[in-house]
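Structure assessment
Each chain, written out:
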Amino acid sequence: MKITVDKNKCIGCNICFDISEGTIGTRFGSDGKAGVNPEADLSKKEVIEAAKTAAEACPMQAIKIEE
């Protein structure tokens with residue numbers, strides 16, 4: 001699984017952090033934009049589901065998930 005954040009679309013609202021349970025968020029990106037937590041275990045089903053929910057909830061549709 002690969003998660004990418006489009007820095008041109010991300011507005012840094014950080015909604016993704018709470019929804020993804022720390023898998024995605026502004027603390028992992030740069031310039032106030034979201035990024036992926038390098039320590040996130042993307043092999044766990046619950047982590048993947050939380051990341052998908054965060055991507056769906058992103059108001060700017062800046063998060064893309066490829067399986």
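Right above here is the structure, for reference.
A short tour of the structure in this document, coming up.

Section: the overall build of the chain
Regarding its fold elements, the chain presents 2 helices and 4 strands. Reading the chain from its N terminus to its C terminus gives the helix and strand order β-α-β-β-α-β. Its C-alpha atoms put the chain at 30 × 20 × 20 Å along the principal axes. When burial is assessed residue by residue, the chain has 33% of its 67 residues classed as buried. Sequence-distant contacts, at least 24 apart, represent 51% of the contacts inside the chain between residues at least 6 apart. For the chain, the accessible area works out to roughly 4200 Å², and carbon and sulfur atoms hold 45% of it. Charged side chains of the chain number 9 positive and 11 negative; the gap between the two group centres comes to 4 Å.

Brief notes about the packing of aromatic side chains
In total, this model carries 1 aromatic pair according to the counting rule given. Judged by centre distance (6.2 Å) and plane angle (35 degrees), the ring pair of Phe17 and Phe28 falls under tilted. Linking Phe17 in helix α1 (residues 15-19) with Phe28 in the loop between β2 (24-25) and β3 (35-36), this pair joins segments that are 11 residues apart in sequence.

Focus: helix α2 (residues 45-57)
Owing to its 3.6 residues per turn, the α-helix aligns residues three or four sequence positions apart on the same side. Taking 1.5 Å of rise per residue, the 13 residues of α2 would be expected to cover 18 Å, and the 18 Å separating its terminal C-alpha atoms lies within 8% of that figure. Listing the buried residues of α2 in full gives Val47, Ile48, Ala50, Ala51, Ala54 and Ala55. Summarising the axial view, the buried residues of α2 lie within an arc of 165 degrees, below the 170-degree limit, and thus occupy one face. What points out from α2, more than 90 degrees from its buried face, is the exposed set Lys45, Glu46 and Glu56.

Describing the side chain of Asn37
Within the element layout of this structure, Asn37 appears in the loop between β3 and α2. Those residues in contact with Asn37 that lie beyond four places of it in its chain are Gly22, Thr23 and Phe28.

Here is what the cut-offs are and how they apply
Residues numbered from 1 in each chain as written. Predicted model: local features only at pLDDT ≥ 70, side-chain atom pairs only at ≥ 80, totals over all residues. Heavy atoms only, no water. Helix = DSSP H or I, 4+ residues; strand = E, 2+ residues; numbered from the N terminus. Buried < 20%, exposed > 50% of the residue type's maximum accessible area, 1.4 Å probe, protein only. Contact = heavy atoms within 4.5 Å. Areas by Shrake-Rupley, 256 points an atom, 1.4 Å probe, with all protein chains shown as cover. Lys, Arg positive; Asp, Glu negative; His and termini not counted. Charge placed at Lys NZ, Arg CZ, Asp CG, Glu CD. Phe/Tyr/Trp six-rings, centres within 6.5 Å; stacked < 30°, edge-to-face > 60°. Expected span 1.5 Å × (residues − 1). Arc of directions from axis to C-beta.

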